[in-house]
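Residues per chain, in single letters:
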Amino acid sequence: MMKKLILATVAVSYLSACTTTDPYTGEQKMSNTSGGALLGAGVGALAGLAVGGSAHGRRNAALIGAGIGALAGGAIGNYMDQQESELRAQLQGTGISVTRRGDSIILNMPSNITFDVDQDAVKPGFYETLNSVAIVLRKFNRTLIDVNGHTDSTGSLEHNQELSQRRAASVANYLGDQGVDQRRISAMGFGPSQPVASNATEAGRAQNRRVEIQIAPIKEG
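Notes on the structure in this doc start here. From a predicted model like this one, the values you see are computed outputs, not experimental measurements.

**A few points about the overall build of the protein**
A tally of regular secondary structure across the protein gives seven helices and six strands. For the protein, the α and β elements follow one another from N to C terminus as β-α-α-α-β-β-α-α-β-α-β-α-β. Across the 221 residues that make up the protein, the buried fraction comes to 46%. Pairs at least 24 apart in sequence give 76% of the contacts found in the protein among residues at least 6 apart. Split by element, the accessible area of the protein, about 10200 Å² in all, is 55% carbon and sulfur.

**Considering helix α3 (residues 74-91)**
With 18 residues, α3 should reach 26 Å at 1.5 Å per residue; the first-to-last C-alpha distance of 26 Å fits that figure. Taken together, the buried positions of α3 are Ile76, Gly77, Tyr79, Met80, Gln83, Glu84, Leu87, Arg88 and Leu91. Buried residues of α3, viewed axially, fall in a sector of 165°; they line one side. Structural note: α3 exposes Gly74 and Ala89 on the side pointing more than 90 degrees away from its buried face.

**Details of the pattern of salt bridges**
Scanning all chains against the criterion turns up 13 salt bridges. Salt-bridge contacts for Glu84 lead to Arg100; the nearest nitrogen and oxygen are separated by 2.6 Å. Remark: Arg100 occurs in strand β2 (residues 97-101) and Glu84 occurs in helix α3; sequence separation between them is 16 residues. Residue Lys139 is joined to Glu86 by a salt bridge in which the shortest nitrogen-to-oxygen separation is 2.6 Å.

**Quick look at helix α6 (residues 157-177)**
Between the first and last C-alpha of α6 there are 30 Å, a value that for 21 residues agrees with the 30 Å anticipated at 1.5 Å per step. Note on α6: the residue one or two positions beyond its end, Gly179, has a positive phi of about 100°.

**Here we look at the nonpolar core**
With 33 residues, the main nonpolar core has Leu107, Val133, Val147, Val171, Leu175, Ile213 and Ile215 as its most contacted residues. At the level of secondary structure, the elements contributing two or more residues to this core comprise α3, β3 (104-110), α5 (127-139), β4 (143-150), α6, β5 (185-189) and β6 (210-217). Not counting residues up to four positions away in its chain, the partners in contact with Ile213 are Ile105, Ile106, Leu107, Met109, Val133, Ile145, Asp146, Val147, Val171 and Leu175. Ranked by size, the runner-up nonpolar core spans five residues in total, among them Leu63, Ile68, Leu144 and Ile218.

**Thoughts on the packing of α5 against α6**
Put simply, α5 and α6 touch, their axes get as near as 9 Å, and they point 60° apart. Considering the angle they form, α5 stands oblique to α6. Crossing hand, α5 versus α6: right-handed. Touching Tyr127, Leu130, Asn131, Val133, Ala134 and Leu137 of α5 are Val171, Tyr174 and Leu175, all from α6. Classifying every residue of the contact of α5 with α6 gives eight nonpolar, one polar and no charged.

**Digging into the environment of Gln214**
As for its placement among the helices and strands, Gln214 is situated in strand β6. Along the backbone, Gln214 and Val147 are 67 residues apart, and their C-alpha atoms lie at a distance of 6.4 Å. A distance of 3.3 Å separates the side chain of Gln214 from the side chain of Glu212, its partner in a polar contact.

Reading the values: the criteria
Residues numbered from 1 in each chain as written. Predicted model: local features only at pLDDT ≥ 70, side-chain atom pairs only at ≥ 80, totals over all residues. Heavy atoms only, no water. Helix = DSSP H or I, 4+ residues; strand = E, 2+ residues; numbered from the N terminus. Buried < 20%, exposed > 50% of the residue type's maximum accessible area, 1.4 Å probe, protein only. Contact = heavy atoms within 4.5 Å. Areas by Shrake-Rupley, 256 points an atom, 1.4 Å probe, with all protein chains shown as cover. Expected span 1.5 Å × (residues − 1). Arc of directions from axis to C-beta. Salt bridge = Lys/Arg side-chain N within 4 Å of Asp/Glu carboxyl O. Core = buried A, V, L, I, M, F, W, Y, C linked by side-chain atoms within 4.5 Å. Axes fitted to C-alpha atoms, helices over the stretch in contact; angles between N-to-C directions. Parallel < 35°, antiparallel > 145°, perpendicular 65-115°, else oblique. Left-handed = near helix turned anticlockwise from the far one by under 90°. Nonpolar A, V, L, I, M, F, W, Y, C, P; charged D, E, K, R; others polar. Polar contact = N/O pair within 3.5 Å; in protein donor to acceptor, adjacent residues only side chain to side chain.

Structure below.
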């Protein structure tokens, strides 16, 4: 039986510089500019502007208090670099894209490979891919994990919000069932409120239907 997660709203701001791996070829489309040099006041200031930043900080502090090791300074960039490399290796050819933004890693899971239409149960054929994600998340356990569900704008706002929430919870619960510490995990649905493409076209709507796993380091202080 899937474990029940506490759902928390997390709003995240990102730096514009990032790298993305094509989910089928493994090709890096942009150079990685995200090393320890980007871990200064700029990143902290951007995160602090978000309402969810305080919630993120409270979860960070709680995990440190629970004895989970935190990262500091240049060690953050190195730790996230290693995790990013292993995720790229594990997920090449799966349909999941890996994007690096500052000291965070974002896994983008298109809904068509993760769920059946209008359903919130993870497709059995996608279990193996999520197992690969869980392996890396267990190994690199000094990170916070935010699982965020998104939809296109088709249909009612209420339905889309509920569907995105359930889909995020399904992915989060599955990762927890694979041994990822659930204290590290938050799940939240955003409905159609955070599109990455235009909802005016089917191609754009397909991009907006997704679950994102955002991975950020547990930081000292």
